[in-house]
Structures are given as structure tokens and as C-alpha cells.
Amino acid sequence: MPTEEIRRQVVIIGSGPAGLTAAIYTARANLSPLLIDAPADTERQTTPGGQLMITTDVENYPGFAKGIEGPELMAEFRKQAERFGTEFLEAWITKVDLHQRPFTLYTENHVVKAETLIIASGASAKWLGIPGEAKTPHGFGGNGVSACATCDGPLPAFRNKRLLVVGGGDTAMEEATFLTRYAAKVYVAHRRDKLRASKIMQEKALRNEKIEFLWNTELVEILGTQADGVNAVRLRDTNNGQERAMEVEGVFIAIGHKPNTELFKGQLDMDPVGYILTNGHSTATNIPGVFACGDVQDSVYRQAITAAGTGCMSAIDAERFLDHLPVEMPSGEEVTIEGEHITRDRRLIIEPDGEVISNEPVFE
Ligand code: NDP
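Below you will find a few notes about this structure.

Rules used throughout
Residues numbered from 1 in each chain as written. Predicted model: local features only at pLDDT ≥ 70, side-chain atom pairs only at ≥ 80, totals over all residues. Heavy atoms only, no water. Helix = DSSP H or I, 4+ residues; strand = E, 2+ residues; numbered from the N terminus. Phe/Tyr/Trp six-rings, centres within 6.5 Å; stacked < 30°, edge-to-face > 60°. Buried < 20%, exposed > 50% of the residue type's maximum accessible area, 1.4 Å probe, protein only. Axes fitted to C-alpha atoms, helices over the stretch in contact; angles between N-to-C directions. Parallel < 35°, antiparallel > 145°, perpendicular 65-115°, else oblique. Left-handed = near helix turned anticlockwise from the far one by under 90°. Contact = heavy atoms within 4.5 Å. Nonpolar A, V, L, I, M, F, W, Y, C, P; charged D, E, K, R; others polar. Near = heavy atom within 4 Å. Polar contact = N/O pair within 3.5 Å; in protein donor to acceptor, adjacent residues only side chain to side chain.

## Here's the deal with unusual backbone geometry
- At the junction of R101 and P102, the peptide bond is cis and its omega measures out at -5 degrees in the coordinates.
- Along the chain, T136 connects to P137 via a cis peptide bond; the corresponding omega equals 15 degrees.
- Summarising the element assignment, P137 is placed in the loop between β9 (123–125) and β10 (145–146).
- Although it is not a glycine, N30 adopts a positive phi angle of roughly 60 degrees.
- For N30, the location among the structural elements is in the loop between α1 (17–28) and β2 (34–37).
- Unlike most non-glycine residues, N216 shows phi in positive territory, near 50 degrees.
- With respect to the helices and strands, the residue N216 is situated in the loop between β13 (211–214) and β14 (217–225).

Right, here's the structure in full:
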């Protein structure tokens, strides 16, 4: 297929709450945003709509007193973004070049030129890296091992079975509680004797009679056969190092997430885990005109509402930048689309040619 060139004032990567909120705002600002989202792919853990597409009840998104299902909420976000003229492109981005504006994004069939780029590519589940965890046929991934209870828990392979959930955070509590709808028994293996999960989530899981906690316990290997999938696990006591086997027919890894930032490595400043750095006063990255919002830049809050909030911030930052107004960078300096730098103390403007002029108001 020939390569099509697309040019846009605003390009958004990602269609979770952050990306779609950025789309709603920039579309309403007549900036005709193009939103690129990855096709659904279980192996690469991509779902248009992001992590809420694999969440059941969302009870803490304001405006829905009775709660709402994650996929339904995302369908509403999407319709709202479409209503104001957002254009959607479903494609894998293979490479980005952020060295000069317009920025260039490459997909198999497109070259996309963007005056401003809003990155809302979210985060993906983490894995332990133990024997038996890899995708079948190398392990039992997809054949009794999963990182998403809401996606896979209802499958026949897990119904009325003994299942093991690994982790001690909110994700592990949520997954374990959800799995009790289908499973005969759910074990939660946690490497310490205290949970990281919020009190309410802990209590729900601790009260659930179908859940049994295995404290100070690490999962070291998943066992089974390719024909029948998982039939046991090997566990290690973190206090004395002793190992034992336990019969289970399914394993859910629920130990957190990692940001989807591989494409931008070496071009954008990131923390050691790979979260894109912004300074909280704006969503600007170290490259003027590139903004990041949602879980890709938030290792702390990671909520749909905060993702949507930062998506709104990114849209307003991109609008300001395109309007030739200064936007605060992670360094605390402000930068304009013309390349003017305003110092952190707001007293000086450094022009692109290096000339330094005062930013103090002039009173006649
Ligand atoms: P967290 O980082 O909060 O928890 C990860 C858990 O996995 C921890 O208990 C950690 O153990 C354990 N862990 C991490 N790595 C390993 C490993 N290599 N081996 C064994 N155990 C490991 O991630 P979550 O995904 O649970 O939560 C992330 C954020 O999302 C939180 O802010 C949470 O509140 C939020 N969230 C909210 C939900 C809701 O409100 N409905 C649902 C899900 C998530 P240790 O404690 O020892 O570090």
C-alpha cells in the first residue's frame, strides 16, 4: 500500500481517558486532532480505549452515582470526541522523530506530521519473568496464565477452578475478588505479610470466603502441560527460602504496570522506570510542543479521573503553544513555539538567536 502523508496541528497517541479527553478539548478548539490508537492485540496487551476496557465496575468516576462499566464509559468518551470532529487512525506507530517540528510519526502506511504531539499511550501489565509464564508454546501464557482477570476470568478454562493471584496491591485485590465470581477457590500470594492495597480493597478481599492469602510467598515457577495448561505452581517462602508445590489450574499476575514509552526512549526525558517527565504545572515534556498525559507520565495517581484531568491539561497546553503563548517546561522555564525561553524567575527572555531581553513590565 502506498504511504499516505497526513499533516495535523495536533496528533494524540492513545485512546484511554487521557487521550480522548485531550481529543475532546482540542477538537472543540477547532484544532481537528488526529488520534492514533493501537489495534487490539492480546499479545502486545493493547486495547483501544485503554485499561478501562478491561475493568468492570467503575464506581469512583464522578458523575456516575450508580457506577458505570469501564467499556461503556470509554464508549461515551469516544462518542464525545467524535462529536466534535476528532479523526481516528488505528495503526501501530513504528518510529517517531521528535528532533524537529513538525514531529514525524511513522506507521506501516502513513507518515504523520504533527505541529504538536500529545502522548497518552498509557501503561501495560508487568510480568514476573519466571519459568512457565511466557506465552504458549514457551510457557502457559494464554493457556492458564493471564494478567487480566476481567478479560480472562470468565473463560471456561478458569471456571470452578483453583486459581492463584500474585500481588498485594489494589490490582491483585480487585482481580482476586472478581475471580471469586467464577472460581472454586482463589489464593493470593504476596511476597510480604502486609498488603499495599487500599483499606477498602483489602477488606473486601480479606472478608471474601473464597479467597485465601499466602503471606510471605513468592511464585517461582508455573507448571503444567501444553495439552491441558497449568496444573500447579512452585512457591517459595520468603522467610526461610523453602519451596513447595501447590495444585492450581490458573495463574493471574497482578503486580502493577509499566508505562508504554519504548517509542520515545532516547528522545524524551523519563524517570528510571520509564515514565515521561513533566513537572505537574503543565504537561510539557523536555521537547517543546510534545506533551504527555495520563498513566504514561503518572506513576502516583493512575486513576481514570486524573488521566482525564491531565488529558485536558495537555490539550490546553497544546492550544497555548499553537497560539504562540509560553508553556512551562519540566525545567521550570517557559518556551514558546518561536523558540523563546523565559527564565524560571520570569525576569528574562532568551531569544532563539541568544539575545537576552527583559521580561519585566514596562511602565511609561
Ligand atoms: P502496585 O504497585 O500498587 O502493587 C503491586 C503489588 O505487586 C505490590 O503488592 C508489590 O509488592 C507486588 N509486586 C511487584 N513486583 C513484584 C514481584 N516482582 N514479585 C512479587 N510481587 C511483586 O500496583 P497495582 O497495579 O496494584 O496498583 C497500581 C495503582 O492503581 C495504585 O495506585 C492502585 O491504588 C490503583 N488501582 C486502583 C484500583 C481501584 O481503585 N479500583 C484497581 C487497581 C489499581 P510489594 O507490596 O511488596 O511492593
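## Digging into the packing of aromatic side chains
- Scanning the entire structure with this criterion turns up 6 aromatic pairs.
- For the pair Y61 and F77, a centre-to-centre distance of 5.9 Å together with 65 degrees between the ring planes defines the contact as edge-to-face. With Y61 in the loop between β3 (57–58) and β4 (68–69) and F77 in helix α2 (residues 70–83), this residue pair connects regions lying 16 residues apart in the sequence.
- Between F291 and F321, the aromatic rings sit 6.1 Å apart at their centres with planes inclined by 75 degrees, giving edge-to-face as the arrangement. Residue F291 is located in strand β19 (residues 290–292), and its partner F321 is located in helix α6 (residues 304–322); the two are separated by 30 residues in the primary sequence. The same class applies to F291 and to F321, which are both buried.
- Aromatic rings pair up to connect Y61, F64 and F77 into one cluster.

## Considering the packing of α1 against α2
- Two elements in contact, α1 and α2, have axes whose closest approach is 8 Å; the angle formed by their N-to-C orientations is 25 degrees. Overall, the two elements α1 and α2 adopt an arrangement that is roughly parallel. Where α1 crosses over α2, the two elements pack in a sense that is left-handed. Where α1 abuts α2, its residues P17, L20, T21, A23, I24 and A27 lie against M74, F77, R78, Q80 and A81.
- Taken together, the residues of the contact of α1 with α2 sort by class into 8 nonpolar, 2 polar and 1 charged.

## Notes on the site of the ligand
- Not every one of the 17 residues close to the ligand is listed here, only the nearest: D170, T171, R191, R192 and R196.
- Here an oxygen atom of the ligand and a side-chain polar atom of D170 are 2.5 Å apart.
- Within the side chain of T171, an N or O atom sits 2.5 Å from an oxygen atom of the ligand.
- Residues that form the shell around the ligand fall into these classes: 3 nonpolar, 8 polar and 6 charged.

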